[in-house]
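Given next are the chains, with one letter for each unit.
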Amino acid sequence: MKIIPFLLLIVITIEAKDVEAQELPYKTYYFEDTDGLHTVESIEQVSFVKTDPSQLIFGVTKNTIWVKVKIDSTIKTPFVLTIDRALIDTLQIIAPEVNSYKIYRFGIRADRPEEALFNPMPSVLIDPNKLASRNIYIKANSTYSLLLPVALHYPKDFYTESQLYDFFAAILLGALFVMMLYNFFLWTSVRDNTYLIYCLGILFTIIIQTTIQGYSFLLLPAAFAPSYYFVSVGIAANVILSVWFCIRLLEIRNFKKWMLACCYGLMAMGAAIILSEVISLHHLAKVLVVLSTILGSISLLLFGGVLWVKKVVAAKFFTLAWVIYLVGILVYSLRTEGILDHNFFTSNFAHIGKFCEVLLLSLALGNKYNTIKIEKENLQLQLNNELEELVSERTLALNMALQEKDILIKEVHHRVKNNLQVISSILNIQSRSLVDQKAKAAVMEGQSRIKAMSFIHQKLYKGEDLAFIDMESYISDLASYLFKTYKPSNLIHLDLKLDPIKLDLDSAIPIGLILNELITNAFKYAFIEEAEGTLSIGFERQDEQCILSVEDSGIGLPLNFKEAKTMGMRLINTLSKQIDASLDIENRPGASFKLIFRPINCVM
């Protein structure tokens, strides 16, 4: 599908050849004014050399060229005289009239005459009935290669051919602009400056083509100074950009030393063209333009062929592009030398070749874009796979580390529990040798406190969760242990109302010790012997707070209870402050203790 624009251009040029306007009969003569001193009056006295119109080719010359166009006597009606070359410094078309000369001035260094037809090429409408003779003179000077393809047409044929020429130019320049946007889009996607370099190259190509085809002189103000250098500087920039693009597209690592030396030489030649224009060595600049175009095209074609043989993928497109471009240059050269006829097809084949070169190189960049995209996707896939493997390995290692950590923590809790059990056993042995009942009671209280802490570590190393204590199970076990330890009357009942709450270790230990003191105190002092009673223990959560309550139906607290400074109460107060809890004590029939606190970490 991408080759359709190229085929369309070929069809257009072939059709254009068939519809070309037939030229009117005329003869041409030329004279080279080496001194540039001849005027309109004096030129009629010199001897002109007869030549075929296709031979009006003079190359890069400093001489002033005069051409005499002798129109046939059969031409009786107005006709259009056209010079099919816009790239001329100064051009005068001189029509001798009775007692005067009608002079039309064209060129990149001249103001366009008001009488000139609106056409990119120098064109004037001449009435043969107003001429003093059948001779029309053309005077031309140019620092560019000078050729003067003269043509005479009737106005109807001239406008028909002009419309076709404009249509062809619009397609060519529009296609180049589309290719520039296409490559700019690729650059925004991959951020590879190769695409940006090529966009600049296409931009300069558009400027050059617009100037060569004469549209710059229609669009820009008369004698616009920068337009003098559009072609020469544009070609110089294109030489530099083409070489730079070649090195980046075909990759510098594939270039041999002699190839790089040629590349740098061509870039230096492009810089020399610009320098020559800056210091007003205009003729030298134009000679360098011709040399750099020929040497650059052949060199880049040679580089592409060598690297194509070396299996560099992009070299295939690159070489084909330069082959087509050189064919276009060859056709253009053969036409300028008079070997091929001067017609619409041969005049524009170089432009077609340039467009085909741009198209093929855009395909090469598109291929490179696809290659980069595939490599990027493969690299991303590889990175994803490696990342997944790394995550799996790290996850496995973390799981193993966590398992080891869990085992170590459980071992620590197990040992702490065992050590506490040893202490409790020692206290138990010690109590057997005691005679004093108060001392035995004190030892028993110490054992219960140790047991309260021991239960917590037992729950941790036996459970699956090492961070939280199941308070429902813990309180139930602790209450049962203390009930068996103090052996109250069978008429005493335990009433447990416990929510399934889990507390962290920092909260659970103080709660366990406080609860131990409250239950022990109730079993020891709350109930009269042989009296029936109930010890209610509750643990619930309300909003963000936890409430521990211990209530008995015993005899109640003594009147001076709040003033008492027993070991148990001091421990309860100290531990309550540790967890930032409030303690409410009520003395009603029976004692009521309520501890309200906000746990650090709590799980329902």
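The structure displayed is predicted, hence computed values, not measured ones.

The rules we used
Residues numbered from 1 in each chain as written. Predicted model: local features only at pLDDT ≥ 70, side-chain atom pairs only at ≥ 80, totals over all residues. Heavy atoms only, no water. Helix = DSSP H or I, 4+ residues; strand = E, 2+ residues; numbered from the N terminus. Buried < 20%, exposed > 50% of the residue type's maximum accessible area, 1.4 Å probe, protein only. Contact = heavy atoms within 4.5 Å. Areas by Shrake-Rupley, 256 points an atom, 1.4 Å probe, with all protein chains shown as cover. Axes fitted to C-alpha atoms, helices over the stretch in contact; angles between N-to-C directions. Parallel < 35°, antiparallel > 145°, perpendicular 65-115°, else oblique. Left-handed = near helix turned anticlockwise from the far one by under 90°. Nonpolar A, V, L, I, M, F, W, Y, C, P; charged D, E, K, R; others polar. Core = buried A, V, L, I, M, F, W, Y, C linked by side-chain atoms within 4.5 Å. Patch = residues over 30% accessible without salt bridge, like charges linked within 9 Å, V, L, I, M, F, W, Y side chains within 5 Å. Salt bridge = Lys/Arg side-chain N within 4 Å of Asp/Glu carboxyl O. Pairing = 2+ DSSP bridges. Phe/Tyr/Trp six-rings, centres within 6.5 Å; stacked < 30°, edge-to-face > 60°. Lys NZ or Arg CZ within 6 Å of the ring centre and 35° of its normal. Lys, Arg positive; Asp, Glu negative; His and termini not counted. Charge placed at Lys NZ, Arg CZ, Asp CG, Glu CD. Expected span 1.5 Å × (residues − 1). Polar contact = N/O pair within 3.5 Å; in protein donor to acceptor, adjacent residues only side chain to side chain.

Draft legend 1. Examining the overall build of the protein more closely. Helices and strands together make up the secondary structure of the protein, namely 14 helices and 19 strands. Taken across its 604 residues, the protein has 45% of its residues classed as buried. The contacts in the protein between residues at least 6 apart in sequence include a share of 74% that link residues at least 24 apart. Here the protein displays about 31,300 Å² of accessible surface, and carbon together with sulfur accounts for 59% of that area.

Draft legend 2. Local environment of the packing of helix α3 (residues 155-190) against helix α4 (residues 193-212). Contact pair α3 / α4: the axes reach a minimum separation of 8 Å and the direction vectors enclose 165°. Relative to α4, the element α3 is oriented roughly antiparallel. Read as a crossing pair, α3 and α4 show a hand that is left-handed. Where α3 abuts α4, its residues Leu-172, Leu-173, Leu-176, Phe-177, Met-179, Met-180, Asn-183, Phe-184, Leu-186, Trp-187 and Val-190 lie against Asn-193, Tyr-195, Leu-196, Tyr-198, Cys-199, Ile-202, Leu-203, Thr-205, Ile-206, Gln-209 and Thr-210. Residue composition of the contact of α3 with α4, by class: 17 nonpolar, five polar and no charged.

Draft legend 3. The nonpolar core, seen in detail. In terms of nonpolar packing, the biggest core is built from 69 residues, with Leu-176, Ile-202, Phe-245, Leu-249, Leu-250, Phe-255 and Phe-318 touching the most fellow members. If sequence neighbours within four positions are ignored, Leu-250 has contacts with Phe-255, Gly-304, Leu-307, Val-312, Ala-314, Ala-315 and Phe-318. Grouped together as the second largest cluster of nonpolar side chains are 44 residues, Leu-482, Ala-508, Val-550 and Phe-593 included.

Draft legend 4. Structural detail: a nonpolar patch on the surface. Judged by side-chain polarity, Val-60, Val-287, Val-290, Leu-291, Ile-294, Leu-295 and Ile-298 come together as a nonpolar surface patch covering roughly 540 Å² of accessible area. Tracing the chain through its elements places Val-287 in helix α8 (residues 282-309). For Val-287, a relative accessible area of 37% translates into the label partly exposed.

Draft legend 5. View of unusual backbone geometry. Here the phi dihedral of Glu-251 falls at roughly 70°; this positive angle occurs in a residue that is not glycine. Topologically, Glu-251 is positioned in the loop between α6 (230-250) and α7 (257-278). Here the phi dihedral of Lys-311 falls at roughly 70°; this positive angle occurs in a residue that is not glycine. Examined against the element boundaries, Lys-311 turns out to sit in the loop between α8 and α9 (313-336).

Draft legend 6. Fine view of the packing of helix α12 (residues 471-486) against helix α13 (residues 505-526). Their axes nearest at 10 Å, the elements α12 and α13 cross at an angle of 35°. Of the two possible hands of crossing, α12 and α13 adopt the one that is right-handed. Residues Met-471, Tyr-474, Ile-475, Leu-478, Ala-479, Leu-482, Phe-483 and Tyr-486 of α12 pack against Ala-508, Ile-511, Gly-512, Leu-515, Asn-516, Ile-519, Thr-520, Phe-523 and Lys-524 of α13. When grouped by side-chain class, the residues that make up the contact of α12 with α13 number 13 nonpolar, three polar and one charged.

Draft legend 7. Just the sheet that holds strand β18 (residues 590-597), in detail. Read across the open sheet, the five strands follow the order β13-β15-β16-β18-β17; overall the sheet is mixed. Each edge of the open sheet carries a strand with a single partner, namely β13 (492-498) and β17 (582-588). Each neighbouring strand pair of the sheet contributes to a mean axis angle of 10°, computed without reference to strand direction. Across seven bridges, β17 lies against β18 in antiparallel orientation. From the neighbouring strand, Arg-588 faces β18, where its bridge partner is Gly-590. Across the sheet, α12 touches β13, β15 (533-542) and β16 (545-552), and the angle it forms with β13 is around 170°. Of the strands in this sheet, β13, β15, β16 and β18 are in contact with α13, which crosses β16 at around 15°.

Draft legend 8. Region of interest: the packing of aromatic side chains. All chains considered together, the criterion is met by ten aromatic pairs. Through a chain of ring-to-ring contacts, three or more aromatic side chains come together here, namely Phe-31, Phe-48 and Tyr-137. For Lys-68, the ring lying beneath its charged end belongs to Tyr-29, and the centroid distance is 5.0 Å. Its end group placed over the ring of Trp-187, Arg-191 keeps NZ or CZ at 4.5 Å from the ring centre.

Draft legend 9. Up close: a negative patch on the surface. On the surface, a cluster of negative charge is made up of Glu-386, Glu-388, Glu-389 and Glu-393. Its place among the elements puts Glu-389 in helix α10 (residues 344-432).

Draft legend 10. The sheet that holds strand β7 (residues 100-106), seen in detail. Within the open sheet, the six strands sit side by side as β2-β1-β4-β9-β6-β7. Their pairing is antiparallel. Of all the strands in the sheet, just β2 (49-51) and β7 have a single pairing partner and so form its edges. Across the sheet, the mean angle from the axis of one strand to that of its neighbour is 25°, orientation sign disregarded. Direction of pairing for strand β6 (residues 90-97) relative to β7: antiparallel, over a ladder of seven bridges. Residue Glu-97 lies in a different strand from β7, and its bridge partner there is Ser-100.

Draft legend 11. Seen up close, α4. For α4, built from 20 residues, the straight-helix expectation of 28 Å at 1.5 Å per residue is met to within 8% by its first-to-last C-alpha distance of 29 Å. Once α4 finishes, Gly-214 follows within two positions and takes phi at roughly 90°, a positive value.

Draft legend 12. Layout of α8. The end-to-end C-alpha distance of α8 is 40 Å, a good match for the 40 Å that 28 residues give at a rise of 1.5 Å each. After α8 finishes, the residue Lys-311 shows a positive phi value of roughly 70°.

Draft legend 13. Highlighting the pairing of strand β11 (residues 150-153). Here β11 shows two buried faces, one formed by Val-150 and Leu-152 and the other by Ala-151 and His-153. Note: strand β5 (residues 79-83) against β11, four bridges, orientation antiparallel. The residue bridging Ile-83 from the neighbouring strand is Val-150, located in β11.

Draft legend 14. Structural detail: the environment of Ser-123. Topologically, Ser-123 is positioned in strand β8 (residues 123-126). We classify Ser-123 as buried; its relative accessible area is 0%. Residues Ser-123 and Val-80 lie 43 residues apart in sequence; the distance between their C-alpha atoms is 6.6 Å. Side-chain polar atoms of Ser-123 contact the side chain of Thr-82, separated by 3.4 Å.

Draft legend 15. Expanded view of the pairing of strand β1 (residues 26-33). With eight bridges connecting them, β1 and strand β4 (residues 64-71) associate as antiparallel partners. Counterpart to Tyr-30 in the pairing with β4 is Val-67. Sheet topology note: the β1/β2 ladder contains three bridges and is antiparallel. Residue pairing across strands places Tyr-29 opposite Lys-50, the latter belonging to β2.

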